[in-house]
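# Chains, contacts and geometry: an overview
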Amino acid sequence: MLRDYVKTIKNVMVTKRILYLFVIIFFLCFSGTDPSRESQFRLKTVVIDPGHGGKDPGNLGTGKFKTYEKDVVLAISLKLGKYISENYDDINVIYTRQKDEFIGLKERADIANKNKADIFICIHANSNKSSAPYGTNTFVMGLNKTQANLELSKRENASILMEDDYVTKYEGYDPNSPEADIIFSLYQNAYLDQSLEFAAMVQKQFKNRAKRKDRGVKQAGFLVLHQTTMPSILVETGFLTNKEEEKFLNSENGQDYLASAIYRAFKDYKTVMEGTLPANFSPNEPMQIVDGIIFRVQIVTSSNAISLDSPKFNGITNVQEYVSGGWFKYTAGEKRDLASAYRLQVEVREKGFSSAFVVAFHNGERINLQDAIKMVK
Ligand SMILES: [Zn+2]
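Here the structure is a predicted model, which is why all the values come from computation and not from measurement.

Criteria and thresholds
- Residues numbered from 1 in each chain as written.
- Predicted model: local features only at pLDDT ≥ 70, side-chain atom pairs only at ≥ 80, totals over all residues.
- Heavy atoms only, no water.
- Buried < 20%, exposed > 50% of the residue type's maximum accessible area, 1.4 Å probe, protein only.
- Helix = DSSP H or I, 4+ residues; strand = E, 2+ residues; numbered from the N terminus.
- Arc of directions from axis to C-beta.
- Contact = heavy atoms within 4.5 Å.
- Polar contact = N/O pair within 3.5 Å; in protein donor to acceptor, adjacent residues only side chain to side chain.
- Donors = N, O, S within 2.8 Å, 3.2 Å for Na, K, Ca; no water.
- Salt bridge = Lys/Arg side-chain N within 4 Å of Asp/Glu carboxyl O.

The next point concerns helix 12 (residues 369-376). Three or more residues of helix 12 are buried, namely L369, Q370, A372, I373 and V376. Summarising the axial view, the buried residues of helix 12 lie within an arc of 160 degrees, below the 170-degree limit, and thus occupy one face. Where the residues of helix 12 are buried, they touch helix 10 (252-274), strand 7 (293-302), helix 11 (338-350), strand 10 (357-362) and strand 11 (365-367). You can read the cap of helix 12 off the contacts: a side-chain oxygen lies 2.8 Å from the backbone nitrogen of Q370, and it is on N368.

Here it is as structure tokens:
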């Protein structure tokens, strides 16, 4: 009896050992073939910032609705956060406000910084003296390039006038002063590349998914973006001073569309920045090489042209430049299949470009990575 028992135990142990051996062999065989396994970045925390609130109503719209900018953007923000939480258990969604309350611009940025957010999304709605303009914009932090952007950023920044001690808090920034912009002149946007990518994805989804007029990706001096230490965007979801758009922004359906568009962009951004192969894509499956489609790894974006042999590129070979939206963008390598591009991304990240990501081109034109993946599958 006892002997049988010992024998069974021994058998179980041997079986277990064989099983472990198989598991180890399996990992030895397959680890390293999946480039996505080696990528370290995981998007874990998102901070969503509904603009204005409490004593700061934001813009008042046409007056036809009983709601203001602060109400509309809160509704869209909460829907966006809900989409993310429902679809990703492992992502921490933090709001700067979840109810109608006043929060200073610096405090909003502090919430993102303290929580080490991987991405910061500010949601606003636009206004204009004329009722004609409509459509969506997404902004990244930068110097105001046009009078219209300057006016908009001053309007959005003006909420600091309702904060105590705004002069010391914002280093003398005065939204009413003609020289208000000067504090932004020394600003270096370390996350410009990622912020621009995300902004472009949001605009694309607004246009395709929510059928909004695409007013483009812009840069302007927003105080709330100025203070953050991660990729950050400010979304203007539409004009509350335009009758039709105000109606859309106030409707449940409209808010759903806008939130879902930002959510889809978020999903794309997460995939690109994590540098992982799509879930239904086996690393060992041969991928199609499609004529005209190539993949490169983007390493730097700059407002000025950089010489291709600049030491800034840290000895990376085959650096190429392309210009998009007025920005000079630099890529490493050139691969015809996606898996090699992801392997190159790992190498480039190890050389110090920790947020480098794969970009796709079709006949020399930059295209969306997800679209390229569909073409090579
Ligand atoms: Zn606003």
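Text resumes after the structure shown.
What follows concerns the coordination of the zinc ion. Bound to the zinc ion on the protein side are H52 (NE2), E69 (OE), H124 (ND1), E156 (OE) and E156 (OE), at distances that span 2.0 to 2.5 Å. One chain supplies every donor to the zinc ion, and in sequence these donors are spaced H-x16-E-x54-H-x31-E. Separated by 17 residues along the polypeptide, H52 in the loop between strand 1 (45-50) and helix 3 (69-87) and E69 in helix 3 bring together distant segments of the chain.

For I373, the location among the structural elements is in helix 12. What makes I373 buried here is its relative accessible area of 6%. Expressed as a C-alpha distance, the spacing of I373 and Q288, which sit 85 residues apart in the sequence, is 9.8 Å.

What follows covers the pattern of salt bridges. Within this structure, the stated rule accounts for 16 salt bridges. In this structure, the salt-bridge partner of D100 is K70, at a minimum N-O distance of 3.1 Å. Linking D100 in the loop between strand 2 (92-95) and helix 4 (105-114) with K70 in helix 3, this pair joins segments that are 30 residues apart in sequence. Relative accessible area serves as the criterion here: at 44%, D100 is assigned to the partly exposed category. Between E86 and K82 there is a salt bridge; the shortest N-O distance is 3.4 Å. Here K82 and E86 lie together in helix 3, a separation of 4 residues that amounts to about one turn. Grouping residues by exposure puts E86 and K82 together as exposed. Each of K79, E252 and D256 takes part in salt bridges that share partners, so that together they form one network.

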